[in-house]
Amino acid sequence: MNQDFKEHLNSVPVSSLLVHNIIDAEETEPISFVFQRLLKNRILSVPVYSVQDGVKHYFGFADIMDVLYSYLQNKSGGHHKIVGDIVNLSERNPWLTLNCEDSILRSCTVLSGTNTSDSVHRCAVLSSNSVGKDGFFSILSQSKVVQYISEHIGEYPIAKKTVAELQMGFRDVISVDIGATVLEGLSKLAEHKISGVAVTQKGKIVGNISASDLNDIYKLPKGLAEVLHSPIADYFEYKRRSSPIFLHPEEATLETVCQTLVKEKIHRLYLVEGDKAVGLITLSNILALWADKSA
């Protein structure tokens, strides 16, 4: 059943999912310039390159959490000034690569982190024909792969399997109280090496804090320092908060989960039994279903 869809994923190259309008950054650019580029383009990460003999050589990613880390470390005596200083500063962005000819199945293994300590949200895709860019061709994200899975899995029996049958996502939900500061919420991301944390009020999940919130924080009328040290409840008053999505593991099918993640443009949803949260499903969980655990 799973084998059928696995064979399908193995027959499709990642090149069919790629876009080519890459937004990047040179390692010598000021961090503030790159951060503004992230905000302007509503993206969370850029590939970073050095220039040698007039040729771009890509070597890492810098994302919005790296910017936050640099801000915090600079407040404590750090000296990060250029984007090259903060490449993978948060240890969330290892420079992992695929080739254009690799299959979507192979990307599930790389992006799910099945055989490494952590999942990654994106990887570089290389091509031997990318002359002048040190082989760098494009970027493949978890979201793009899950979108493809969502569009094609309905043809296969595994789509109708429930979350409970697949034993997906059952785990403790890491949370922070709504009375905590925004900084305390974001610090949970670093502490647990996750991209989002549930926000609770009287024990019930009422929202979410994630890396993408940094895009919103810098747009608020308050300064960054003031926002970071404000209660999450106050931040939610400024931000247009979307309600967390809950699914029942005995009822939600894999197809429903994939479609919900894609339609709502979210990276996680919560599993509940009665009023109790019993787990969450992330993009990594979806990809891990087809990861090669022996790779």
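Residues numbered from 1 in each chain as written. Predicted model: local features only at pLDDT ≥ 70, side-chain atom pairs only at ≥ 80, totals over all residues. Heavy atoms only, no water.

### What to know about the overall build of the protein chain
The helix and strand inventory of the protein chain stands at 12 helices and 12 strands. Overall, the protein chain is about 55 × 50 × 30 Å in size when its C-alpha atoms are taken along their principal axes. Burial status across the protein chain gives 48% buried among its 295 residues. Here the contacts in the protein chain between residues at least 6 apart in sequence split such that 65% fall between residues at least 24 apart. A distance of 5 Å separates the average location of the 29 positive side-chain charges in the protein chain from that of its 34 negative side-chain charges. (Helix = DSSP H or I, 4+ residues; strand = E, 2+ residues; numbered from the N terminus. Buried < 20%, exposed > 50% of the residue type's maximum accessible area, 1.4 Å probe, protein only. Contact = heavy atoms within 4.5 Å. Lys, Arg positive; Asp, Glu negative; His and termini not counted. Charge placed at Lys NZ, Arg CZ, Asp CG, Glu CD.)

### Quick word on the packing of helix H4 (residues 104-112) against helix H5 (residues 142-152)
Relative orientation of the contacting elements H4 and H5 amounts to 135°, with a least axis distance of 11 Å. Classified by the interaxial angle, the pair formed by H4 and H5 is oblique. Considering the relative orientation of H4 and H5, their crossing is left-handed. In this structure, H4 contributes Ile104, Ser107, Cys108 and Leu111 to the contact, and H5 contributes Gln142, Val145, Tyr148 and Ile149. Looking at the contact of H4 with H5, its residues break down into six nonpolar, two polar and no charged. (Axes fitted to C-alpha atoms, helices over the stretch in contact; angles between N-to-C directions. Parallel < 35°, antiparallel > 145°, perpendicular 65-115°, else oblique. Left-handed = near helix turned anticlockwise from the far one by under 90°. Nonpolar A, V, L, I, M, F, W, Y, C, P; charged D, E, K, R; others polar.)

### Digging into the sheet that holds strand S5 (residues 122-126)
Spatially, the three strands line up as an open sheet ordered S4-S5-S6, and their pairing is mixed. The open sheet has two edge strands, strand S4 (97-99) and strand S6 (136-141), and neither has a second partner. Strand-to-strand twist of the sheet, defined as the mean angle between neighbouring strand axes without regard to direction, takes the value 35°. (Pairing = 2+ DSSP bridges.)

### What to know about the pattern of salt bridges
Close approach of charged atoms allows side chains of opposite charge to pair. Considering all chains together, one arrives at four salt bridges under this definition. A salt bridge links aspartate 63 to arginine 92, with the shortest nitrogen-to-oxygen separation between them at 3.4 Å. Of this pair, aspartate 63 sits in strand S3 (residues 55-63) while arginine 92 sits in the loop between helix H3 (64-75) and S4, and the two are 29 residues apart along the sequence. Relative accessible area serves as the criterion here: at 2%, aspartate 63 is assigned to the buried category. A relative accessible area of 14% means that arginine 92 is categorised as buried. Salt-bridge contacts for lysine 160 lead to glutamate 255; the nearest nitrogen and oxygen are separated by 2.5 Å. With a gap of 95 residues between them, lysine 160 in the loop between H5 and helix H6 (163-166) and glutamate 255 in helix H11 (residues 254-264) connect regions that are remote in the sequence. Accessibility expressed as a relative area gives 14% for glutamate 255, which makes it buried. (Salt bridge = Lys/Arg side-chain N within 4 Å of Asp/Glu carboxyl O.)

### Some points on the side chain of serine 230
Topologically, serine 230 is positioned in the loop between helix H9 (224-228) and helix H10 (232-238). Among the polar contacts listed, one links the side chain of serine 230 to the backbone oxygen of glutamate 226, at a separation of 2.6 Å. (Polar contact = N/O pair within 3.5 Å; in protein donor to acceptor, adjacent residues only side chain to side chain.)

### Quick look at the environment of lysine 144
Within the element layout of this structure, lysine 144 appears in helix H5. Spatially, the C-alpha atom of lysine 144 lies 21 Å from that of valine 163, the residues being 19 residues apart in sequence.

### A word on the pairing of strand S2 (residues 45-52)
With respect to burial, S2 is a largely interior element, six of its eight residues being buried. One ladder, built from two bridges, connects strand S1 (residues 25-26) with S2; its direction is parallel. Considered in S2, the bridge of alanine 25 is made with valine 48. Alignment of S2 against S3, held across eight bridges, turns out to be antiparallel. Residue pairing across strands places valine 46 opposite alanine 62, the latter belonging to S3. The hairpin turn running from S2 into S3, its antiparallel successor, is two residues long, and aspartate 53 in that turn takes a positive phi close to 55°.

### Here's the deal with the side chain of serine 138
Mapped onto the elements, serine 138 comes out in strand S6. Among the polar contacts listed, one links the side chain of serine 138 to the backbone oxygen of valine 19, at a separation of 2.5 Å. Contacts of serine 138, omitting those with residues within four sequence positions, involve Leu18, Val19, Ile22, Cys123, Ala124 and Val125.

### Digging into the packing of H5 against H11
Orientation of H5 relative to H11, taken along the N-to-C sense of each, is 130°, at an axis distance of 9 Å. Here H5 lies oblique to H11, going by the angle between them. H5 and H11 meet at a crossing whose hand is left-handed. Side by side, H5 and H11 meet where Val146, Gln147, Ile149 and Ser150 of the first sit next to Cys258, Gln259 and Val262 of the second.

### Concerning a negative patch on the surface
On the surface, a cluster of negative charge is contributed by Glu165, Glu250, Glu251 and Glu273. For glutamate 165, the position within the fold is in helix H6. (Patch = residues over 30% accessible without salt bridge, like charges linked within 9 Å, V, L, I, M, F, W, Y side chains within 5 Å. Areas by Shrake-Rupley, 256 points an atom, 1.4 Å probe, with all protein chains shown as cover.)

Worth remembering: the numbers are spatial, not functional.
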